[in-house]
Amino acid sequence: MNINFTLLAAQTADSGTKMEIGDAAITAVFGYAVVFFGLVLLMIVLYITGGIFKSKDAKVKAQEKATLEKVKKEVEANPLTVTPLALPCAPGSAGHVKLHGVPDKDAAMIMAIVADKMQTPLNELRFISIKEVK
Amino acid sequence: MNINFTLLAAQTADSGTKMEIGDAAITAVFGYAVVFFGLVLLMIVLYITGGIFKSKDAKVKAQEKATLEKVKKEVEANPLTVTPLALPCAPGSAGHVKLHGVPDKDAAMIMAIVADKMQTPLNELRFISIKEVK
Amino acid sequence: MNINFTLLAAQTADSGTKMEIGDAAITAVFGYAVVFFGLVLLMIVLYITGGIFKSKDAKVKAQEKATLEKVKKEVEANPLTVTPLALPCAPGSAGHVKLHGVPDKDAAMIMAIVADKMQTPLNELRFISIKEVK
Amino acid sequence: MNIVETLEKLWNDSGFQSFFVGEGWKNLVMIAISCVLLYLGIRKKFEPLLLVGIAFGCLLVNLSYFGPESTDALYHPELWKDFLDEESPFYHSYGNIMAHGGLLDILYIGVKAGIYPSLIFLGVGAMTDFGPLIANPKSLLLGAAAQMGVFLAFFGAVCLGFTGNQAASIGIIGGADGPTAIFLTTRLAPELLGPIAIAAYSYMALIPMIQPPLMKLLTTKKEREVKMEQNRNVTKTEKIIFPIIVAMFVILLLPSTAPLVGCLMLGNLWRECGVTERLSDTVQNALMNIVTVFLGISVGATTAASSFLNIKTLMIIALGLTAFAFSTVGGLLVGKLMYLLTGGKVNPLIGSAGVSAVPMAARVSQMEGQKANPSNFLLMHAMGPNVAGVIGSAIAAGFLLAVFGK
Amino acid sequence: MNIVETLEKLWNDSGFQSFFVGEGWKNLVMIAISCVLLYLGIRKKFEPLLLVGIAFGCLLVNLSYFGPESTDALYHPELWKDFLDEESPFYHSYGNIMAHGGLLDILYIGVKAGIYPSLIFLGVGAMTDFGPLIANPKSLLLGAAAQMGVFLAFFGAVCLGFTGNQAASIGIIGGADGPTAIFLTTRLAPELLGPIAIAAYSYMALIPMIQPPLMKLLTTKKEREVKMEQNRNVTKTEKIIFPIIVAMFVILLLPSTAPLVGCLMLGNLWRECGVTERLSDTVQNALMNIVTVFLGISVGATTAASSFLNIKTLMIIALGLTAFAFSTVGGLLVGKLMYLLTGGKVNPLIGSAGVSAVPMAARVSQMEGQKANPSNFLLMHAMGPNVAGVIGSAIAAGFLLAVFGK
Amino acid sequence: MNIVETLEKLWNDSGFQSFFVGEGWKNLVMIAISCVLLYLGIRKKFEPLLLVGIAFGCLLVNLSYFGPESTDALYHPELWKDFLDEESPFYHSYGNIMAHGGLLDILYIGVKAGIYPSLIFLGVGAMTDFGPLIANPKSLLLGAAAQMGVFLAFFGAVCLGFTGNQAASIGIIGGADGPTAIFLTTRLAPELLGPIAIAAYSYMALIPMIQPPLMKLLTTKKEREVKMEQNRNVTKTEKIIFPIIVAMFVILLLPSTAPLVGCLMLGNLWRECGVTERLSDTVQNALMNIVTVFLGISVGATTAASSFLNIKTLMIIALGLTAFAFSTVGGLLVGKLMYLLTGGKVNPLIGSAGVSAVPMAARVSQMEGQKANPSNFLLMHAMGPNVAGVIGSAIAAGFLLAVFGK
Ligand code: NA
Ligand code: NA
Ligand code: NA
């Protein structure tokens, strides 16, 4: 096995040509400027389109705030109720559930499992009560 | 950037050649006939093979009818029992189940979930009782 | 449609050349030897690397034995407890569970379902009690 | 590296200035069209799985291709011109496409070679239950009848001055079968692929609007009220034998249908045989989705402005609608005939389902039937002609391919 | 467009009349054979994931290909003849296949280039637990012994007049490893791919019938009753290091095994390393199923009547059975030797599992062991030789490739 | 068949002896390097999805390739030399690669043609939530600023004697975006692909070690403690329009970005449009994983000893680190500027997230912010610059491609 290593070395010839350091500096500065140009352009466009949607957004937010406060009041009125808004995996909220001697985390798990199984967001299901069977 | 648009136009040259309207009419009628010929041929073949299987089918149907009637009688005898034959997703029937204070729809859901989870058709599982825990 | 079947036959020309029976015999014996050579080489390497890991293994086994005996004692003390080590699908063991009027197989199923749903090995879950609701 | 030169190069390459050079404004029009298609796909839910990809492919190609000097373009029509040009050194050279094409040129190879439509048919086969057709083989007559629009639109297209190949490709829009239309058009008249694919998928989405008026026009209330008898049970064995038999007879009759019908039936066999769930699942999901991704964007790429914006596209859109309408009419008329011959046992509304567009056309039959008689359930009866229509369109395509293909 | 001409063309293209021209009747025979294979795959569950595809590919090609004039065929043997013919302008030209091939020609490129078997081995690696082999490295001896049939069948094939390349491809059937057999045959004797693939997959499915009689013949009841000690625990780190070591030693020894062994071990590394579940899952499922789809139908396509229906196919079927039988015998004999040398600690029944055919052969060992002694659990012990047999077959293939490959 | 000859051939082919011939020892070094990379990928969890594949590809090629005479090698650098050599008869001939390449040569075609990085960007787009960026468009300034390292490393590489093309490819390591780096390097300086890909993925994994010291050095505790206001809500429609707008403006500006930005935005559109979950799921999972499999091993294959083991590789590793560091610095400096201009409303820590490396860099910002002020939640604010950095790197790559590409 007598390999021609000169040939082998030749395989990794350099692509392109050497360039002057001055040119490189100009290219680098210019390139960085192009990146800024492109993203500033995009920023402007986003601010414009964003402006159009902000008015709608304002309305939606007002509505949501009202809902949240309503839920808050209910929760305060009934200290055993949990609002599993903080559930990491299941999307949406699930109204509120009475728990009888079951740790919150377990209840959240069970609800997430069932919701996941049924391919239904939690806020379309209503759990009335979860109770550990003793 | 001086694009040669003549060249560009040439790119979308027409495939094939023009044809006489008379030929087109004949081809159209003939083509429609070929489609009918093909599907009628297939229809005949299906009637032949279908005939072979119909006798078996007759036996199966007779058997099923008997089963269905038996189930019906049981259902009539016990008004709380549901036969979730109408379940949209889960294949097969699940025998019958006693429900205690649980809406039918919820029970069907739970059964479908479990059946789905266990990769088992409902008719291979038997649910004895589903009861809401209060 | 006049197919040239001579041409067709020619398409399935034989790859390679005929060989002498003697050469074939030598090649066969030699090939079998090469297979043994390769796998014996591998066997030696595996024994060497295995040796390095066996000492660690010894420790692990000792620990496991202790755990197993502990579990055994508990099981003997409480005849209603099942250790679903024999579960065909779910990996790992699930500690032990009290069953109240529920067949072992059903309990194992329920546990496997929940474990599967939660993407958690059974040995990271603890089931305190499974009771059929009557 | 001269800074002014670089700047000039960047400016020349940029699409912003190309809009104002030569026919660059046409790209702006195409970009607007792609936005309309995106709107139809996303908001109006016109077959979004394909239309969103087609529209975005259209957008991408019209943002990056302004003529043969656009070396960075994602799709290069001139490469494909060479591919089809017998005089060119790159005639039939996929190697040239691979070496010099953009991303969408390379993905388009799968369209050109007919791979994507065939693989999609594997998935369609695995998703289709031919049970209602097996239970009721005379559904096949309706599936045949509903190819009327294919041949009428073909004839109309020839009258309007299209070549035979182009007319055949336009006619197949009436088959209401996206992959079949793409398969045939790629082979017979690739220059029309963009508008034909868009028309085919758009009209399929419009079935619930196109068909009901024709259904009411051509049927009497009494006919629409007909309740049909329940279909007989179909055994598992029949379902397994069905794809084998169909493949045999259809491919023997018209070998040019082999890629489509073969794949459709293989997919169906994997579905029904009960021992290959893994494959059935994969061809319906992973494989079909991957191919849909590739097919959508590469079909979209064929809508480069120069080949899309002309009077032919408008004619194709008009002829496509005609094709759909007459296919519906064909199905309904034979439906009425069956109503007469069976003494009123067949509801003619199931005839329009013969255009295929599974399962949308069957649902339209069900809805119209229920409007006439709320206790009427035509869905399963309409599924027969509906799936027969898929086979019917494949046979129509095979015939056109046999006549006009090289 | 002359109506008579068109009709004539359709009739000439149609397969119905081709059966009665020249050797067209052979296609009928092949269609019957494909139906038998479908029956075996579906009803008898002979490796259905591949056999259903192979059989349907066989059906499709024999419905559409009746000789070089069948331009619409899904597979064109003459294109592949040109591909292999050094004199042809299309020698080694995949471009020619892409441009002029049918669907199955194009899918077959992945077989020809050795891609599919390698990708399947990625999935096999990700599905295989080498733990029992690591726990008990002397299993490798059984995996080596069970390659006996490979070399005996090779010798037999040369005696029956096959060329060296063909004999090597026939011999590898005894490796009981589908992808390896396809990989080797494609490289050494592509003209035999159809029968060899069918024989390999069919015999793998027949393992539970082929092995038990030989096991009873060659072992005593006392030997079969031997209970083996539980294997030691294998740590996670050992399992991670194992594929790296095997890849190193086997590829250095026989570089021609690199595609198979490299992919097998990479798949296994993804399985064991604990940080690449996504990839391990994909190579076992989506990727493997997609490749299985393509592999099945394109291997089936190589069974065009003219190359399948001859005496060689019968010889291959006979030699394949011999190969399986003698591989079993080889494993059992070395199993008996180990029984003797270890003073009865090794149950010789685990030797037959060395033929690979994972996990079927290991299950047969388990069953036979339990028949002799109901409290005998040989499965995990048999899994060692079983997975060793995969490596053994790869080495045997590498040897044959090194000797007969160009 | 002479037994001595065969033995000699096997011995000559075997890698065991090749280590001791010519520069074969270099392969041993590369094998050791591949084991180090495997260790980093598996134990240290350095982007294991790609690094395990790259490292195993490196192992496989250095076990099987010892120079042009290694005909069984999985990868053949000399084939790719011919591919790039205008004088060679195989210039730009993928056909030659297909016919004479090994498994990894064939898989490498997808890298060379730019397919894999684009398809991965489809999946990345489908996984990315651009909401935080839409809510806060000035994040884009940080995404732009964090490309500083790209251009500084480019300049440094020219100073160290690299060609313009090579320097551009080295610079892009600072974009912290694997697929972009692979895409650009394949086009501009394929001979450096191995080291650049390894550097890019390794440094991405090292972000949690590289960035924090610089963050502490360049910001005051007061700055780090800044809590930012909650982002405004982003409507579904805005999220749908965003990918369309970005594709339009970026591709018009720099058509050379079309494959990357086009795919990124199409993937994102499928994610957000709400009617194509099937496709969004497939491009994130099945398709992306399959491409990752192919990309990893074929990039690994480019690390044949002869092209990897030289002083340039060390320089690339040093320049890559510089690039990452200065990109971080660029982002932080503009972050500080925004802190000043907004009167302390912007926490400058989110600037470093502009390097992309989604979502790792954003998590580092979150962690450092919480260290300074435990009630500080910067994650969502850092996600804006983080995803902006992906677009920024694509634009930087597009610029370099426009300047140095043919
Ligand atoms: Na149709
Ligand atoms: Na084997
Ligand atoms: Na970046």
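None of these values were measured; they are calculated from a predicted model. (Residues numbered from 1 in each chain as written. Chains lettered and ligands numbered in written order. Predicted model: local features only at pLDDT ≥ 70, side-chain atom pairs only at ≥ 80, totals over all residues. Heavy atoms only, no water.)

(A) Fine view of the interface of chain E and chain F. On the chain F side, the residues contacting the 44 residues of chain E number 43 residues. Buried surface at the junction of chain E and chain F, both sides included, amounts to about 3,700 Å², of which 81% is carbon and sulfur. Of all residues in chain E, Leu252(E), Val275(E) and Arg278(E) bury the most surface against chain F, accounting for 19% of the area lost on that side. Counting across the chain E and chain F interface gives zero salt bridges. At the level of secondary structure, the elements contributing two or more residues to the side of chain E that touches chain F comprise helix 8 (115-127), helix 16 (236-253), helix 17 (258-272), helix 18 (277-284), helix 19 (286-301) and helix 23 (379-404) of chain E. Residue contributions to the side of chain E that touches chain F peak at ten residues, all from helix 16 of chain E. Of the residues belonging to the side of chain E that touches chain F, the class tally is 35 nonpolar, eight polar and one charged. (Contact = heavy atoms within 4.5 Å. Buried area = accessible area lost by both parts, 1.4 Å probe. Salt bridge = Lys/Arg side-chain N within 4 Å of Asp/Glu carboxyl O. Helix = DSSP H or I, 4+ residues; strand = E, 2+ residues; numbered from the N terminus. Nonpolar A, V, L, I, M, F, W, Y, C, P; charged D, E, K, R; others polar.)

(B) Broad picture of the pattern of salt bridges. Applying the stated rule across the entire model yields 33 salt bridges over all chains. With a closest N to O distance of 3.9 Å, Glu229(E) and Lys345(E) form a salt bridge. Linking Glu229(E) in the loop between helix 15 (221-225) and helix 16 with Lys345(E) in the loop between helix 21 (311-341) and helix 22 (360-372), this pair joins segments that are 116 residues apart in sequence. On the basis of relative accessibility, which here comes to 58%, the residue Glu229(E) falls in the exposed class. In this structure, Glu238(E) engages Arg232(E) in a salt bridge whose closest nitrogen and oxygen atoms are separated by 2.5 Å. The pair Glu238(E) / Arg232(E) is uniform in exposure class, with both members buried. Members of the salt-bridge network, linked through shared partners, are Lys216(D), Glu368(D) and Lys371(D). (Buried < 20%, exposed > 50% of the residue type's maximum accessible area, 1.4 Å probe, protein only.)

(C) A look at the environment of Leu40(E). Residues and elements named next belong to chain E. Position of Leu40 among the secondary structure elements: in helix 3 (residues 25-42). The spacing of Leu40 and Ser202 is 162 residues in sequence and 8.5 Å in space, taken between C-alpha atoms. When residues no more than four places from it in sequence are discounted, the contact partners of Leu40 are Lys45, Phe46 and Leu51.

(D) View of the nonpolar core. In terms of nonpolar packing, the biggest core is built from 520 residues, with Met265(D), Ile391(D), Met265(E), Ile391(E), Met265(F) and Ile391(F) touching the most fellow members. Aside from chain neighbours lying at most four places away, what touches Ile391(F) is Leu39(A), Leu42(A), Phe130(F), Leu133(F), Phe242(F), Val246(F), Val250(F) and Met265(F). (Core = buried A, V, L, I, M, F, W, Y, C linked by side-chain atoms within 4.5 Å.)

(E) Structural context of the domain arrangement of chain D. Residues and elements named next belong to chain D. Split by domain assignment, chain D resolves into domain 1 (11-109) and domain 2 (115-299 + 307-404). Measuring from the centre of the C-alpha atoms in domain 1 to the corresponding centre in domain 2 gives 29 Å. Facing the 17 residues of domain 1 at the interface are 20 residues of domain 2. Summing both sides of the interface, domain 1 and domain 2 together bury roughly 1,900 Å²; the carbon and sulfur share of this comes to 81%. Counting every contact that joins domain 1 to domain 2 gives zero salt bridges. Linking domain 1 with domain 2 are one residue pair in polar contact (both at pLDDT 80 or more), by the criterion used here. Elements with a contribution of two residues or more to the side of domain 1 that touches domain 2: helix 3 (25-42), helix 4 (48-64) and helix 7 (103-112). (Domains from an automatic or database assignment. Polar contact = N/O pair within 3.5 Å; in protein donor to acceptor, adjacent residues only side chain to side chain.)

(F) Layout of the coordination of the sodium ion (ligand 1). All names here are of chain D. Around the sodium ion (ligand 1), the protein contributes the donor atoms Gly175 (O), Val355 (O), Ser356 (OG), Gly389 (O) and Ser393 (OG), which lie 2.0 to 2.8 Å from the metal centre. Taken in chain order, the donor set of the sodium ion (ligand 1) reads G-x179-V-S-x32-G-x3-S. As far as the burial class goes, Val355 and Ser356 line up, both buried. (Donors = N, O, S within 2.8 Å, 3.2 Å for Na, K, Ca; no water.)

(G) View of unusual backbone geometry. All names here are of chain D. The residue after Val358, namely Pro359, is reached through a cis peptide bond having omega -10°. Mapped onto the elements, Pro359 comes out in the loop between helix 21 (311-341) and helix 22 (360-372). Even without being glycine, Glu47 reaches a positive phi, approximately 35°. Looking at the secondary structure, you find Glu47 in the loop between helix 3 and helix 4.

(H) Molecular detail of the coordination of the sodium ion (ligand 3). Residues and elements named next belong to chain F. Note on the sodium ion (ligand 3): its protein donors are Gly175 (O), Val355 (O), Ser356 (OG), Gly389 (O) and Ser393 (OG). The metal-donor distances range over 2.0 to 2.9 Å. Counting the intervening residues between successive donors of the sodium ion (ligand 3) yields the motif G-x179-V-S-x32-G-x3-S. Placement of the pair is Gly175 in the loop between helix 12 (164-171) and helix 13 (178-188) and Val355 in the loop between helix 21 (311-341) and helix 22 (360-372), with a sequence separation of 180 residues. Side by side, Gly175 and Val355 carry an identical accessibility label, which is buried.

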